[in-house]
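# Remarks on the overall topology
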Amino acid sequence: MGLYNPGEIELNDPPAFEMEAKVRLRRMIRNDGTFPGKEVGETLAKKGDVGYVVGIGTYLQSYYIYAVHFLEKGYVVGCRRKELIPADETFIDDTDDEDIEEFVEEPSLQESQV
C-alpha cells in the first residue's frame, strides 16, 4: 500500500517518542535517494540498531517523522513510528525485511518540519 494509509492520522495524538529518547530499529533502513552521499538502496541502519531522537517532524499532515541519530554510524535518519521501539523494551525480531516494499518513498529530513 505504500507509505500513506488513508484514515491513519498519527498527528491526532502526541508523538510516541520524546526528544532524546533512546530507540531501537525494528527494520532495516535503506537510502531511498534522499540521503546525500550514499547510493540508492545502500543500508543506512540495520534492524536492532540503537539511536536517539534528535528531532520530530511531520509528513503528509498525517505522520510523525523521528530524526534518529545513530551514534555508531554517525547518521541522522528519518524514521516512522512503526519502525521504532523504545530501546529498553525487549527486542523481538518480528519483522521480515524481505516483506518490505522496495524503496518506498520515505520523507527526507529536509521535507519534514524538523
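Summary of the structure given here.

### A word on the pattern of salt bridges
By the definition in use, this model includes two salt bridges. For Glu10, the salt bridge is made with Arg80, and the minimal N-O distance between the two is 3.6 Å. Residue Glu10 is located in the segment before strand 1 (22-25), and its partner Arg80 is located in the loop between strand 6 (75-79) and strand 7 (84-86); the two are separated by 70 residues in the primary sequence. Arg80 shares its class with Glu10; the two are buried. Notably, a salt bridge pairs Lys38 with Glu42, separated by 3.8 Å at the nearest N-O pair.

### Topic: the packing of aromatic side chains
All chains considered together, the criterion is met by three aromatic pairs. Between Phe35 and Tyr75, the aromatic rings sit 5.1 Å apart at their centres with planes inclined by 65°, giving edge-to-face as the arrangement. In this pair, Phe35 sits in the loop between strand 2 (29-30) and strand 3 (43-45) while Tyr75 sits in strand 6, placing the two residues 40 residues apart along the sequence. Judged by relative accessible area, which is 18%, Phe35 ranks as buried. Arranged with centres 6.2 Å apart and planes meeting at 40°, the rings of Tyr64 and Tyr66 form a pair that is tilted. In terms of burial, Tyr64 and Tyr66 fall into one category: buried. Through pairs of rings, three or more aromatic residues link up here, namely Phe17, Tyr64 and Tyr66. It is Arg80 that lies over the ring of Tyr63; its NZ or CZ is 3.6 Å from the centre.

### As for the nonpolar core
With 17 residues, the main nonpolar core has Val68, Val77 and Leu84 as its most contacted residues. The element that contributes the greatest number of residues to this core is strand 5 (residues 63-70), accounting for four residues.

### Topic: the pairing of strand 1
Relative to strand 4 (residues 50-59), strand 1 runs antiparallel, the two being bridged by three bridges. The residue bridging Arg24 from the neighbouring strand is Val50, located in strand 4.

### Notes on the sheet that holds strand 5
Neighbouring strands of a sheet are bound in pairs by backbone hydrogen bonds; such pairs are parallel or else antiparallel. An order of 6-5-4-1-7 is seen for the five strands of this open sheet, with the pairing classed as antiparallel. Of all the strands in the sheet, just strand 6 and strand 7 have a single pairing partner and so form its edges. Recorded for the sheet is a direction-independent mean angle of 45° between the axes of neighbouring strands.

### Things to note about unusual backbone geometry
If you check the backbone angles, Glu20 has positive phi at about 70° while not being a glycine. Tracing the sequence through the fold places Glu20 in the segment before strand 1. We classify Glu20 as exposed; its relative accessible area is 67%. With a phi close to 55°, Leu60 is a non-glycine residue in the positive phi region. Mapped onto the elements of the fold, Leu60 is located in the loop between strand 4 and strand 5. Relative accessible area serves as the criterion here: at 46%, Leu60 is assigned to the partly exposed category.

Cut-off values and rules
- Residues numbered from 1 in each chain as written.
- Predicted model: local features only at pLDDT ≥ 70, side-chain atom pairs only at ≥ 80, totals over all residues.
- Heavy atoms only, no water.
- Salt bridge = Lys/Arg side-chain N within 4 Å of Asp/Glu carboxyl O.
- Helix = DSSP H or I, 4+ residues; strand = E, 2+ residues; numbered from the N terminus.
- Buried < 20%, exposed > 50% of the residue type's maximum accessible area, 1.4 Å probe, protein only.
- Phe/Tyr/Trp six-rings, centres within 6.5 Å; stacked < 30°, edge-to-face > 60°.
- Lys NZ or Arg CZ within 6 Å of the ring centre and 35° of its normal.
- Core = buried A, V, L, I, M, F, W, Y, C linked by side-chain atoms within 4.5 Å.
- Pairing = 2+ DSSP bridges.
- Axes fitted to C-alpha atoms, helices over the stretch in contact; angles between N-to-C directions.

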